[in-house]
Amino acid sequence: MTSIGTGYDLSVSTYSPDGRVFQVEYAQKAVDNSGTAIGLRVKDGVVLAVEKIKHSRLLVPNSNKRIMTAGKHIGFASAGWMSDTRHLVKRARDEARHYYGTYKTEIPAKIIAERMGMYVQAYTLYSAVRPFGVSTLLATMDNNDPQLYMIEPSGQYMGYRGCAAGKGKQAAKTEIEKLDLDSLSVRDAVKEAARIIYSVHDSTKDKLFELELSWVCAESNGVHTHVPQDLFDEAVEYAENADNSDDEGDEEMEDDE
Amino acid sequence: MDSITLKVPHTTERPAEITNYGPTTHISQPSVTGTSVVAFKYKDGIIMATDCLASYGSMARFRNETRMISVGNNTLVGMSGDTGDFQHMKHTLENLLTHEYDMDDGQNMGTRSIYKYISNIMYGRRSKIDPLWNSYVVAGVENGESFLGFVDYYGTTYQSPTIATGFGAYLAQPILRKYVEGHEDELTEEEAVRILDDCMRVLYYRDGRSFNKLRRAKVTAEGVEISEPYPLDTNWTIANYVVGYGS
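Cut-offs used in this document
- Residues numbered from 1 in each chain as written.
- Chains lettered and ligands numbered in written order.
- Predicted model: local features only at pLDDT ≥ 70, side-chain atom pairs only at ≥ 80, totals over all residues.
- Heavy atoms only, no water.
- UniProt positions renumbered as here; feature names shortened; annotations may be inferred.
- Contact = heavy atoms within 4.5 Å.
- Salt bridge = Lys/Arg side-chain N within 4 Å of Asp/Glu carboxyl O.
- Polar contact = N/O pair within 3.5 Å; in protein donor to acceptor, adjacent residues only side chain to side chain.
- Helix = DSSP H or I, 4+ residues; strand = E, 2+ residues; numbered from the N terminus.
- Buried < 20%, exposed > 50% of the residue type's maximum accessible area, 1.4 Å probe, protein only.
- Pairing = 2+ DSSP bridges.
- Axes fitted to C-alpha atoms, helices over the stretch in contact; angles between N-to-C directions.
- Parallel < 35°, antiparallel > 145°, perpendicular 65-115°, else oblique.
- Left-handed = near helix turned anticlockwise from the far one by under 90°.
- Nonpolar A, V, L, I, M, F, W, Y, C, P; charged D, E, K, R; others polar.
- Patch = residues over 30% accessible without salt bridge, like charges linked within 9 Å, V, L, I, M, F, W, Y side chains within 5 Å.
- Areas by Shrake-Rupley, 256 points an atom, 1.4 Å probe, with all protein chains shown as cover.

You'll find chain B entered in an unreviewed UniProt entry as Proteasome subunit beta, with Coemansia asiatica given as the organism. Note on chain B: under the UniProt heading Function (unreviewed entry), the record states "Non-catalytic component of the proteasome."

An unreviewed UniProt entry annotates chain A as Proteasome subunit alpha type of Coemansia asiatica. On record in UniProt, under Function (unreviewed entry), the comment for chain A is "The proteasome is a multicatalytic proteinase complex which is characterized by its ability to cleave peptides with Arg, Phe, Tyr, Leu, and Glu adjacent to the leaving group at neutral or slightly basic pH. The proteasome has an ATP-dependent proteolytic activity." Here is the UniProt Subunit (unreviewed entry) comment for chain A, exactly as written: "The 26S proteasome consists of a 20S proteasome core and two 19S regulatory subunits."

Shown next as structure tokens:
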């Protein structure tokens, strides 16, 4: 890390001579240390999946959720620091509630993404604050229109058809690119998302992890919720089996070449 | 040249009675109002009815309003009184339910909790000497047990197998006392509907703020069901013989 000791990384209000803000890049690093979070937008819904790494067997299963709900139609998944995430999800809920209070219509994906982006960005402007160590995935459904946005610690926010953040984001992105998101059904997307999380999980580094899966789609009545248990089990089974066959598939491909 | 006089539009002029000084004032009377709510227990749960009218004083101003809402999974709330205050209550409840949903703890708001919440709001507002000008009837079925409760603008509460608000307290309540109380567990839906329609018919005959377009709702173990608006058959042939009452 060449930036250390140069003095250019002490404050978020200091640029390095080549025009970078190191504090923002460090925040990105905090995200890159986290368990993977992915989002898939298909034609009839959005799926969120998170690899929640557990540091202890003593943790209660399903506790410390990393996929949360910010207003009934908004799914909120994150990679990065949980403390910062909880702050941001509170902000997102407040924004959604305030918007509804003003306009009596649910906040559109574009607006909540913009507002969250602006909020996160404001924390890259002042020396008294630090940027959020979180990448946020927002999955929403407005008027049967599925939307997926990702907000990065810099405040950059973009709409995606598939996105990933955290440790396995490179591998996950390659996997997502192989999917035909236009023709995939949301149920299949759940299974694929589970498969991708399982495939990017590095069991040599992190032994314990828990899969979190949620969706917003017609089947969930346009409401963001965890996927039903039977579908969850089906997805896990698919992921566990696919994990092995996928490796074989890769080897075969190498043989062909 | 003559000067041109422009009148400030009435919307930007402050009405004389609203001052920037003096004691705090609150609204002391309802403006757009809904009349009675009638509800009672029957074999499968609770049945309730309200008409679709929101009056502006004695004027039949809005004739397609719904005064019953479903809150959460298995709760029905009926309202009489100021419709603006009812809208406020609806938004408050919606916020509460969204908040509860966001918690994601597998709990859901039960009828008793919603009843308590509404009654606390009502009592809280009366304590600010700024009451919400409503009576609420809260109904639900929880663990096979039906619940029916009432709250008014003082925050007064009571639970009863039959409840009628407003004019209904005078005209429908005696009918319910006779035909419902003591038989709550035996009344079929068909019988309940007949009794309810009779109550609403009497109210339509005698309550000047009522309307012959109403909705019926029921809460059972299956959840809440609010009907589409429907009219009642009425017979006015004896109206000629009615004398007195200032006519």
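Residue-level contacts link 13 residues of chain A with 9 residues of chain B. Run the count over chain A and chain B and you get 2 salt bridges. Asp 102 of chain B is the partner of Arg 93 of chain A in a salt bridge, and the nearest nitrogen-oxygen pair spans 3.5 Å. For the pair chain A and chain B, the number of links is 5 residue pairs in polar contact (both at pLDDT 80 or more). At the level of elements, helix H2 (82-103) and strand E10 (225-226) of chain A are the ones that each hand at least two residues to the side of chain A that touches chain B. Considering each element in turn, the side of chain A that touches chain B owes the most residues, 3 residues, to H2 of chain A.

Moving on to the pairing of strand E2 (residues 38-42) of chain B. All names here are of chain B. For E2, the buried fraction is high: 5 of the 5 residues fall into the buried class. Because side chains alternate across E2, one face comprises the buried residues Val 38, Phe 40 and Tyr 42, and the other comprises Ala 39 and Lys 41, equally buried. Sheet topology places E2 next to strand E3 (residues 45-51); 5 bridges connect them, and they run antiparallel. The residue of E3 that forms the bridge with Ala 39 is Met 48. Taken together, E2 and the strand that follows it, E3, pair antiparallel across an intervening segment of 2 residues. Where E2 lies against strand E11 (residues 162-164), 3 bridges are found, and the strand directions are antiparallel.

This next bit is on the packing of H2 of chain A against helix H3 (residues 109-122) of chain A. How two helices pack is summed up by the angle between their axes together with the distance between the axes. Residue and element names in this part refer to chain A. With their axes 10 Å apart at the nearest point, H2 and H3 run at an angle of 135 degrees to one another. One finds that H2 runs oblique with respect to H3. Seen from above, H2 lies across H3 with right-handed handedness. Within the contact between the two elements, H2 uses His 87, Leu 88, Arg 91, Ala 92, Glu 95, Ala 96 and Tyr 99 and H3 uses Ile 111, Ile 112, Arg 115, Met 116, Tyr 119 and Val 120. The residue makeup of the contact of H2 with H3, split by class, is 9 nonpolar, 1 polar and 3 charged.

Turning to a nonpolar patch on the surface, a few remarks are in order. All names here are of chain B. There is a patch of nonpolar side chains on the surface, built from Ile 238, Tyr 241, Val 242 and Tyr 245 and spanning about 540 Å² of accessible area. Take Tyr 241: it is sitting in the segment after strand E13 (223-226). With a relative accessible area of 70%, Tyr 241 lands in the exposed category.

Moving on, we come to the sheet that holds E11 of chain B. Sheet strands pair by backbone hydrogen bonding; their relative direction is either parallel or antiparallel. All names here are of chain B. Spatially, the 5 strands line up as an open sheet ordered E11-E2-E3-E12-E13, and their pairing is antiparallel. Bordering the open sheet on either side are E11 and E13, each of which pairs with just one other strand. Strand-to-strand twist in this sheet, taken as the mean axis angle between neighbours without regard to direction, amounts to 15 degrees. In terms of strand pairing, strand E12 (residues 214-220) meets E13 through 4 bridges, oriented antiparallel. Bridge pairing links Thr 220 to Gly 223 in E13. Across the face of the sheet, helix H5 (residues 189-206) comes into contact with E2, E3 and E12 while running at roughly 160 degrees to E2.

With that settled, consider the sheet that holds strand E7 (residues 157-159) of chain A. All names here are of chain A. Reading across from one edge, E3-E4-E5-E6-E7 is the order of the 5 strands in this open sheet, with antiparallel pairing throughout. Every other strand in the sheet has two partners, leaving strand E3 (67-69) and E7 as the edge strands with one partner each. Strand-to-strand twist across the sheet, computed as the mean angle between neighbouring axes with direction ignored, equals 20 degrees. Here E3 pairs with strand E4 (residues 74-80) via 3 bridges, running antiparallel. Within E4, the position partnered with Thr 69 by the bridge is Gly 75. Strands E3, E4 and strand E5 (134-142) of the sheet are contacted by H2, whose axis makes an angle of about 160 degrees with E4. Strand contacts of H3: E4, E5, strand E6 (145-151) and E7, with the helix running at about 5 degrees to E6, the strand carrying the most contacts.

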